[in-house]
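Analysis of the macromolecular model
Here is how the chains run, residue by residue.
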Amino acid sequence: MAQLFDSVRYLKGVGEARAKTFASLGIHTLYDLISYFPRTYEDRSRILPIAELQVDEPACFRAFVTSQPRTHHIRKGLDLTKLTVADETARLNLTFFNQSYVADNLEYSREYYFYGTLNGDYMGYQITNPIFEPVEKPGLLTRRIMPIYPLTAGLHNNLISRSVQQALEACLEELPELLPEALRTQYGLCDAVTAYRNIHAPASFEALAQARHRLIFEEFFIFSVGLSLLRASRGRKRREAFALPDQAEFEAALPFSLTGAQRRAIGEIAADLSGGSVMNRLVQGDVGSGKTVVAAAAAWITAKNGGQAALMAPTEILAEQHAQGLEKLLGPLGVRVALLTGSMTPAQKKTARAAIAGHEADLIVGTHALISEATDFARLDLVIADEQHRFGVAQRAALAEKGDDPHLLVMSATPIPRTLALILYGDLDLSVIDELPPGRQSIDTFLVGEDKRARINAFIRRQVSEGHQVYIVCPAIEEGEDESLRSAEAWAETLQMAVFPDLRVALLHGKMKSAQKEAAMAAFARGEQDILVATTVIEVGVDVPNATLMVIENADRFGLSQLHQLRGRVGRGAAKSYCVLFSSNRNPETLKRLRALCKTNDGFEISREDLALRGPGDFFGTRQHGLPAFKVGSLELDMQTLQDAQTAAADFVSSEELPGRPEYQPLMERIRALFATAEGT
Ligand code: ADP
Ligand code: MG
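Notes on the structure follow. Owing to the predicted nature of the structure, the values given are computational and were not obtained by experimental measurement. Along every chain, residues carry numbers that run from 1 in the direction the sequence is written. Starting at A for chains and at 1 for ligands, labels are handed out in the order in which the entities are written. Side-chain atom pairs in this predicted model are given and counted only at pLDDT of 80 or more, local residue features only at pLDDT of at least 70, and totals for whole chains, interfaces and linings cover all residues. Each side-chain value is worked out from all heavy atoms of the structure, with water and hydrogens disregarded.

1. Brief notes about the overall build of the protein
Stated precisely, the cut-off is as follows: A run of DSSP states H or I qualifies as a helix once it reaches four residues; a run of E qualifies as a strand once it reaches two. Both are numbered from the N-terminal end. Two residues qualify as a contact provided that any one of their heavy atoms is within 4.5 Å of a heavy atom in the partner residue. Only the protein chains shown count as cover for residues, and the accessible areas themselves come from Shrake-Rupley with a 1.4 Å probe. Neither His nor the chain termini are counted; the positive set is Lys and Arg, and the negative set is Asp and Glu. A single reference atom marks each charge: NZ on Lys, CZ on Arg, CG on Asp, CD on Glu.
Check the secondary structure of the protein and you find 23 helices and 23 strands. Projected onto its principal axes, the C-alpha positions of the protein cover 100 × 65 × 45 Å. Sequence separation of 24 or more characterises 72% of the internal contacts of the protein that already satisfy a separation of 6 or more. Split by element, the accessible area of the protein, about 30,900 Å² in all, is 51% carbon and sulfur. Averaging the positions of the 72 positive and the 84 negative side-chain charges in the protein gives two centres separated by 2 Å.

Spelled out as structure tokens, the structure:
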């Protein structure tokens, strides 16, 4: 009997060379090999009479060889071996290309199982290069659901399948059971041995589904428990507790009263800050739900305790806006706000940095890069990362290293379902702002084609004549290869020259210099421009309450959640606001997505829809999304299992005694091993 961690060289047919090829797939031990799961399966389990074979549908059949195989040498490099087979329903021609050795293996008048695909032409029906086995032999390649493994050069599927089978027989008994019986019973899961056997050699498709379910659950469960333990260990990092100032003082300084959800989030943050451990918290709330004031409260508590807070924004425009807004809010409360951005002059930066190092500033607002790079803080106690859905676990960890374990507050405007938030931000505690400030009107949203261009232009003009402002978002900056895409530069020019010569049209895109960008944004915010033609640089955070119309060109080129973010740039003031989506795309799926946006203003609902339609990979786009790769499970398809695993993980972690029980030790060891490597890299 072999050991799980014996080398694959233990197996028959695996020598030094093959062991090397296995190693290139990350397979060193027998355990690695049996954990190398099939990519897909071929159904070779159904056996049909020859007469019932269908063209182009692979199938198994049982037949006698009714003619002596003959090999014809057609030309150099092309040999054809032909023979006929028959069962009681029909005869059939078989052809093998360059496989004359089959002549030696197929004997006249013996019976075999074949697997192949029927093809028909003017010569009649035939099967080319079928797989076959004598009926007396066990079915390894026929009469079964055949696993298909991810391959590499030098390892063909049959070899992997045979090796896996050998390995299973040799060491299956020793397979550690990571999910104790009580847990398996509770969630209807099969045991590990059954799961491993059936994932490689499923007795039926039900057995395969059972095996997959168990393994997916296991994978999600391990991941969830691991993240919870990580969160708990971070949370246990001690830190001097802040004294909580009287929150009434803060609220009295606000121009509005807090929503219930804001008050709850602030309460959770205050509890963290005064709790004596490091805070790691994610505040998640829809566009316009008022996250800034929640961040402000955290900064205020920190300043009151003699610490500094840093607010990191994803763009300079946003940093600038935050600095202004927070200065207005917190200045009267005695919090000194400083700005630090790349476009400041060297002298300005020097002054700002001196103020930060000399503790003459309590809240420092800047871009991610500037704050995380060369800045020295006198006493950095709190880091706030705004609009951070593009920020992975690794970056957060790097940040925590900086400074003396500052508290961390992440603000995300992409409302995502709790299950996914737990995967993406599983190392953070979660606060949700699920309520908008009162009086918000919904933004009427329309999906239109080019035939409505003139009407929309008239509508733009009307908004401006009523004293409001308009955003127009284009998917491209400059005229480029893709002519079907509207570019901000060219469109701004066209609008100014030909459509609205009497209105003030401005341009904003990512290739402009920082100073230019800021100037353009500031002028728009001051109401000196009527129409701002922009790229998605305005996607996050920008706040100009007088803007009431958002027009999006080539709307089909954007993700739903991104469109929702863009739409969130309007409807920030008292006036009724609108969003117009231009698209000439007629694809039904695309239209369905865009119409979902017209139906609702609820970001949570939209992200659910987006996820259902596109799956999390696309949902987070090409941005660094930090989603882990799962071996068996799919975040798209196995949501329910994910949810169950997360529930089970929460129960497990919060239990006093379970983690200490002997039957859970294999699981705990596995988690320690997995998360140790994750931490180390
Ligand atoms: P978010 O960052 O969540 O998108 P902001 O913090 O920018 O939202 O807030 C959006 C707008 O709502 C701002 O103009 C802000 O002043 C206002 N606001 C925030 N909270 C309230 C509230 N409780 N009542 C009224 N207005 C609020
Ligand atoms: Mg914001």
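2. Comments concerning a negative patch on the surface
The line we're drawing: Only residues whose relative accessible area exceeds 30% and that form no salt bridge enter a patch; like-charged residues are grouped when within 9 Å of one another, and nonpolar side chains (Val, Leu, Ile, Met, Phe, Trp, Tyr) when within 5 Å. Just to be clear on terms, a salt bridge is a Lys or Arg side-chain nitrogen sitting within 4 Å of an Asp or Glu carboxyl oxygen. Relative accessibility decides the category of a residue: with a 1.4 Å probe and only protein chains considered, values under 20% of the type maximum give buried, values over 50% give exposed, and everything between is partly exposed.
Residues Glu479, Glu483, Glu489 and Glu493 make up a contiguous surface patch of negative charge. Topologically, glutamate 489 is positioned in helix H17 (residues 488–499). Of the residues examined, glutamate 489 reaches a relative accessible area of 34% and is grouped as partly exposed.

3. Regarding the packing of aromatic side chains
Selection criterion: Between the rings of Phe, Tyr and Trp (Trp by its six-membered ring), a pair exists once the centres lie within 6.5 Å; its type follows the angle of the planes, with under 30 degrees stacked, over 60 edge-to-face, and the other angles tilted. Two limits define a charge over a ring: the Lys NZ or Arg CZ must be within 6 Å of the ring centre, and within 35 degrees of the ring normal.
This structure, assessed with the given rule, holds 15 aromatic pairs. A ring pair is formed by phenylalanine 114 and phenylalanine 132, whose centres lie 6.1 Å apart and whose planes are at 45°; its orientation type is tilted. Highlighted residues: phenylalanine 114 in strand S6 (residues 111–116) and phenylalanine 132 in strand S9 (residues 131–134), separated in sequence by 18 residues. Exposure remark for phenylalanine 132: the relative accessible area of 18% places this residue in the buried category. With a centroid separation of 5.1 Å and an interplanar angle of 50°, the aromatic rings of tyrosine 471 and phenylalanine 524 are classed as tilted. Of this pair, tyrosine 471 sits in strand S19 (residues 469–473) while phenylalanine 524 sits in helix H18 (residues 514–525), and the two are 53 residues apart along the sequence. The same class applies to tyrosine 471 as to phenylalanine 524, namely buried. Taken together, the aromatic side chains of Phe61, Phe96, Tyr112, Phe114 and Phe132 make up a single cluster linked through ring pairs. Of note, arginine 486 hangs over the ring of tryptophan 491, and the distance from its end group to the ring centre comes to 3.6 Å.

4. Comments concerning the side chain of serine 228
Tracing the backbone shows serine 228 in helix H7 (residues 205–235). Judged by relative accessible area, serine 228 falls into the buried class, the value being 12%.

5. Quick look at the site of ligand 1
Here is the rule: Residues are counted as near a molecule or strand when any one of their heavy atoms sits within 4 Å of it. The term polar contact refers here to a pair of N or O atoms within 3.5 Å; inside protein, the definition further demands a hydrogen-donor-capable atom paired with an acceptor-capable atom, and it admits residues adjacent in sequence only when both atoms are side-chain atoms. Asp, Glu, Lys and Arg are counted as charged, while Ala, Val, Leu, Ile, Met, Phe, Trp, Tyr, Cys and Pro are counted as nonpolar; the rest, among them Gly, fall into the polar class.
The environment of ligand 1 is made up of 16 residues, and the closest members are Gln262, Gly288, Lys291, Thr292 and Arg440. The contact in question runs from a nitrogen atom of ligand 1 to an N or O atom on the backbone of serine 257, over 3.0 Å. In the complex, the protein chains occlude 82% of the 560 Å² of accessible area that ligand 1 would expose alone. Looking at the shell around ligand 1, its residues break down into four nonpolar, seven polar and five charged.

6. Points about the nonpolar core
The condition is simple: Note on terminology: a nonpolar core comprises buried Ala, Val, Leu, Ile, Met, Phe, Trp, Tyr and Cys residues joined through side-chain atoms within 4.5 Å.
Residues Ile34, Tyr196, Phe217 and Phe221 are the most contacted members of the largest nonpolar core, which totals 66 residues. At 12 residues, the largest contribution of residues to this core is made by H7. With sequence-adjacent residues up to four places away left out, isoleucine 34 is seen in contact with Leu4, Val164, Ala167, Leu168, Cys171, Leu175, Tyr196 and His200. Core analysis: the second largest hydrophobic core is formed by 41 residues, Leu254, Met279, Ala303 and Val365 among them.

7. What about the packing of helix H9 (residues 260–273) against helix H10 (residues 291–304)?
To keep it simple, the criterion reads: Note on geometry: axes are C-alpha line fits, over the in-contact stretch for helices, and angles between N-to-C directions span 0 to 180 degrees. The scheme is simple: roughly parallel for angles under 35 degrees, roughly antiparallel for over 145, roughly perpendicular for 65 to 115, oblique for anything else. Note: crossing handedness is left-handed where the near helix turns anticlockwise from the far helix by less than a right angle, and right-handed where it turns clockwise.
Two numbers describe how H9 lies on H10: the axes approach to 9 Å, and their chain directions differ by 30°. With respect to each other, H9 and H10 are oriented roughly parallel. In this structure, H9 crosses over H10, and the sense of that crossing is right-handed. Only Val293, Val294, Ala297, Ala298, Ile301 and Thr302 of H10 make contact with H9, whose side of the interface consists of Gln262, Ala265, Ile266, Ile269, Ala270 and Leu273. Here the contact of H9 with H10 is built from residues that sort into 10 nonpolar, two polar and no charged.

8. A few points about the pattern of salt bridges
Across all of its chains, the model carries 30 salt bridges by this definition. For glutamate 249, the salt bridge is made with lysine 304, and the minimal N-O distance between the two is 3.5 Å. In this pair, glutamate 249 sits in helix H8 (residues 247–252) while lysine 304 sits in helix H10, placing the two residues 55 residues apart along the sequence. The class of glutamate 249 is partly exposed, set by a relative accessible area of 34%.

9. A closer look at the environment of asparagine 585
By secondary structure assignment, the location of asparagine 585 is in the loop between strand S23 (578–582) and helix H20 (588–599). Sequence-distant contacts of asparagine 585, that is, excluding residues within four places in its chain, are made with Asp556, Thr590 and Leu591. From its side chain, asparagine 585 meets the backbone nitrogen of asparagine 587 in a polar contact 2.8 Å long.

10. Remarks on the sheet that holds strand S17 (residues 429–433)
Rules: If DSSP finds at least two bridges between two strands, the strands pair.
Pairing is parallel in the open sheet, where seven strands are placed in the order S13-S14-S12-S15-S16-S11-S17. At either end of the open sheet lies a strand with only one pairing partner, and these are strand S13 (337–340) and S17. Taken over all neighbouring pairs, the strand axes of this sheet differ in orientation by 20° on average, direction set aside. The pairing of strand S12 (residues 308–313) with strand S15 (residues 380–386) spans five bridges and is parallel. Bridge pairing in S15 places alanine 309 opposite leucine 382. Running over the sheet, H10 touches strand S11 (280–285), S12, strand S14 (363–367), S15, strand S16 (407–412) and S17 and is turned about 175° from S15.

11. Topic: the pairing of strand S2 (residues 59–65)
Here S2 lies mainly inside the structure; five of its seven residues are buried. Alignment of S2 against strand S4 (residues 78–86), held across two bridges, turns out to be antiparallel. Residue pairing for S4: valine 65 is matched across the bridge by valine 85.

12. Concerning the environment of isoleucine 364
With respect to the secondary-structure elements, isoleucine 364 resides in strand S14. Classification of isoleucine 364 as buried rests on a relative accessible area of 0%.

13. Some words on the packing of helix H11 (residues 316–330) against H18
Their axes nearest at 9 Å, the elements H11 and H18 cross at an angle of 50°. In terms of orientation, H11 lies oblique with respect to H18. The interaxial crossing formed by H11 with H18 has right-handed handedness. For the pair H11 and H18, the contacting residues are Glu316, Ile317, Glu320 and Gln321 in the first and Ser514, Glu518 and Met521 in the second. For the contact of H11 with H18, a count of residues per class yields two nonpolar, two polar and three charged.

14. Quick word on the sheet that holds strand S20 (residues 505–508)
The strand order S18-S23-S22-S19-S21-S20 describes an open sheet built from six strands, whose pairing is parallel. The sheet is open, and its two borders are formed by strand S18 (444–448) and S20, each paired with just one other strand. When strand polarity is set aside, the average angle formed by the axes of neighbouring strands in this sheet is 20°. In this sheet, strand S22 (residues 547–552) lies alongside S19 in parallel orientation, the contact comprising five bridges. Residue pairing in the sheet places isoleucine 472 in a bridge with valine 551 of S22. Packed onto the sheet, helix H16 (residues 453–465) meets S18, S19, strand S21 (531–534), S22 and S23 and runs at close to 160° relative to S22. Against the sheet, helix H19 (residues 560–567) touches S18, S19, S22 and S23, its axis set at about 150° to S22.

Purely spatial values, then, with no claim about function.
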